[in-house]
Amino acid sequence: MKVTTYDIQRQMPDSNGRFGPFGGRFVPETLIPALDQLAAEYELAKEDPRFQAEMDGYLKNYVGRETPLYHAERLSQQFGGRIYLKREDLCHTGAHKINNALGQILLARRMGKPRIIAETGAGQHGVATATVCARFGLKCDIYMGFEDIERQSLNVARMRLMGAKVIPVTSGTGTLKDATNDAMRDWVTNVRDTHYIIGSVVGPHPYPMLVRDFQSVIGREARAQILDREGRLPDYLVACVGGGSNAMGLFYPFLQDGSVKMIGVEAAGEGIETGRHCAPLSAGSPGVFQGSASYLIQDNDGQVAPSHSISAGLDYPGVGPEHSWFKENGRAKYVAVSDAEALAAVRNVAETEGLIVALETAHAFAYLHTMQEEHLLKDDSIVIINCSGRGDKDMNTIVRELHLV
Ligand SMILES: *Cc1c(COP(=O)(O)O)cnc(C)c1O
C-alpha cells in the first residue's frame, strides 16, 4: 500500500488560532513575528510537493512508517468486539512524538534557523527532539526541571549521547511547568536564530494546528488500514490524553465520520476526588496556560495547580485547545482512569498480547474494562486503540509498583 503520510488539512482554526472559545495566542509581543513566520512557512510547506516528499521519505525510512494496525485477538476475546492496536510504539524512539519532531525540524530548516530549543518533563519529547537535531545537524538545547533530571536519568543520558545540551531548571518546583517558562524566555531572547519545538497540541497558534497535522499521519494510516481489513469504519477510537497529540493525531482524520465515537482517556492519578490527578478535561476548568486558552487544573486564584500521574508523559496540568473544543461541542468524550487501573492494564496487556506498553498508553487500554462493564462492546464492534508508546522507559516504575523483583 502506498504510504500517504502527509496531505493538506481542510479543517483550520479561525485566523486567530481559535477553536471556538479556546486556543489563540497569549504570549509576549516579541514572539508574535516568530509565530507569524512559523504559520506562514507552514502554509507554504504544506502546499509544496517537495516538502511532502521529503517528509514522506523520512517518515518511511527513518521513523519506520507506516506502523502496523494489529488485530489484538486475545484482548478481543477478553473484552469483546474486535480490538485493533495502532502500533506507534514501533516508531523510531519508541513513541509517536518523533512524527511531530521531524515535521518541525524540517520547518526550522526551511526557515534557516540553526538552533533548536525544547522543554521536556519525562524526557520523551526531549529525546525525540535530540534525535532529529542529531540527524539534521542542528544545535539542540533542552530545558528540564532538576527534579525530572534526577527521575529520568536514562533519558537525560540518551539526549546527551546524541549531542544535545540538557539545561537544568532550578526555579519553582523544578518540573515541566518551570522548564516551559525558561524555554519561553530563551525563545523571546533568541527568536531570530532559534526554533522552539513544542511537543504536543498545546501552546500559542499555530502550534496546536501544526502538531495536530504532523500527528494526523496516525489516523490517516489507521483509517485506510481498517477500511482495507474490515471494509468499514471503526465504532470507537480510544487514546490517552496528556497534552493530547497522539489522541488528536488518531481522531482528526475521522472527524467528519459521524458514526465514529472518539474517547480520550486522561490520568485520574490517585483519584479525581483526591485532587492528585492530571485530568483537566474531566475535572479542570477553562483558563490560560502556555500561551493559549484551554481547560487546565487551577486553584481558586487561577494559579496552575500541581498535577500528579504515575505516568510522567501525562503529568501535565493543561491540554490542547482543540480537545477542549471537542469536549464542549461533544465531538469527543473524555474520561479518566487511575494510576492503579493503568498499572493493572500494563500487566494485562503484557500477559495477553506480549506487548509492554508505556504507562501513558496503558490508560487507554484500562478504559476497555469500563467499555466492557457498560456493554459497549458488541461482537461486531470495532475498536482502534492508539498504542502510543512502548514501556521500556517505565520498567523501573513497573518493577517497583508490581513487585516484580
Ligand atoms: C508523551 C506521551 C504521551 C502523552 O502526550 P500526548 O501529547 O497526549 O500524546 C502519550 N504516550 C506516550 C508514549 C508518550 O510518550
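First things first, this report covers the structure right here in the doc. (Residues numbered from 1 in each chain as written. Predicted model: local features only at pLDDT ≥ 70, side-chain atom pairs only at ≥ 80, totals over all residues. Heavy atoms only, no water.)

## A word on the pattern of salt bridges
Side chains bearing opposite charge may pair, as long as their charged atoms lie close to each other. Scanning the entire structure with this criterion turns up 25 salt bridges. When the shortest N-O distance is used, the salt bridge between R212 and E322 registers 3.2 Å. Of this pair, R212 sits in helix 9 (residues 207–215) while E322 sits in helix 13 (residues 321–329); the two residues are 110 residues apart in sequence, bridging distant segments of the chain. Notably, a salt bridge pairs D392 with R390, separated by 3.7 Å at the nearest N-O pair. Put simply, E41, D48, R50 and R110 are held in one network by salt bridges that share partners. (Salt bridge = Lys/Arg side-chain N within 4 Å of Asp/Glu carboxyl O. Helix = DSSP H or I, 4+ residues; strand = E, 2+ residues; numbered from the N terminus.)

## Some remarks on the environment of V217
Tracing the chain through its elements places V217 in helix 10 (residues 217–230). Residue class for V217 comes out buried when judged on its relative accessible area of 0%. Between the alpha carbons of V217 and L59 there is a distance of 9.5 Å; along the sequence they are 158 residues apart. (Buried < 20%, exposed > 50% of the residue type's maximum accessible area, 1.4 Å probe, protein only.)

## Examining the sheet that holds strand 4 (residues 82–87)
With respect to topology, 6 strands assemble into an open sheet ordered 3-4-14-9-10-13, the strand pairing being mixed. This sheet does not close on itself; its edge strands, each paired only once, are strand 3 (69–71) and strand 13 (332–338). Ignoring which end each strand starts from, the neighbouring axes of this sheet average 25° apart. Note that strand 9 (residues 236–240) and strand 14 (residues 382–387) share 3 bridges and pair parallel. Bridge pairing in strand 14 links L237 to I384. In the packing of helix 10 onto the sheet, the strands contacted are strand 3, strand 4 and strand 14, and the crossing angle to strand 4 comes to about 140°. Most of the contacts of helix 15 (residues 359–373) go to strand 9, to which it runs at about 135°, and overall it touches strand 4, strand 9, strand 10 (261–269), strand 13 and strand 14. (Pairing = 2+ DSSP bridges. Axes fitted to C-alpha atoms, helices over the stretch in contact; angles between N-to-C directions. Contact = heavy atoms within 4.5 Å.)

## Quick look at the pairing of strand 5 (residues 115–120)
Most of strand 5 sits out of view: 6 of its 6 residues are buried. Residues R115, I117 and E119 point to one face of strand 5 and I116, A118 and T120 to the other, with burial holding for every one of them. The sheet contact formed by strand 5 and strand 6 (residues 139–145) spans 6 bridges and is parallel. In the strand pairing of strand 6, E119 is matched with Y143. As for the winding sense of the linkage, the β-α-β connection from strand 5 through helix 5 (residues 124–136) to strand 6 is right-handed. Both strand 5 and strand 8 (residues 194–196) contribute to a ladder of 3 bridges, which runs parallel. Residue pairing for strand 8: R115 is matched across the bridge by T194. (Right-handed = clockwise from strand over helix to strand, strands pointing away.)

## Remarks on the packing of helix 9 against helix 10
One can describe the packing of helix 9 onto helix 10 by two numbers: an axis separation of 4 Å at closest approach and a directional angle of 35°. Within the contact between the two elements, helix 9 uses D213, F214 and Q215 and helix 10 uses V217, I218, G219 and R220.

## Quick word on the sheet that holds strand 7 (residues 165–169)
As summarised here, the arrangement of the 4 strands in space is 7-6-5-8, forming an open sheet in which the pairing is parallel. At either end of the open sheet lies a strand with only one pairing partner, and these are strand 7 and strand 8. Pairs of neighbouring strands in the sheet enclose a mean axial angle of 25°, with direction left out of account. Sheet topology places strand 6 next to strand 7; 5 bridges connect them, and they run parallel. Pairing of G145 across the sheet is with V169, part of strand 7.

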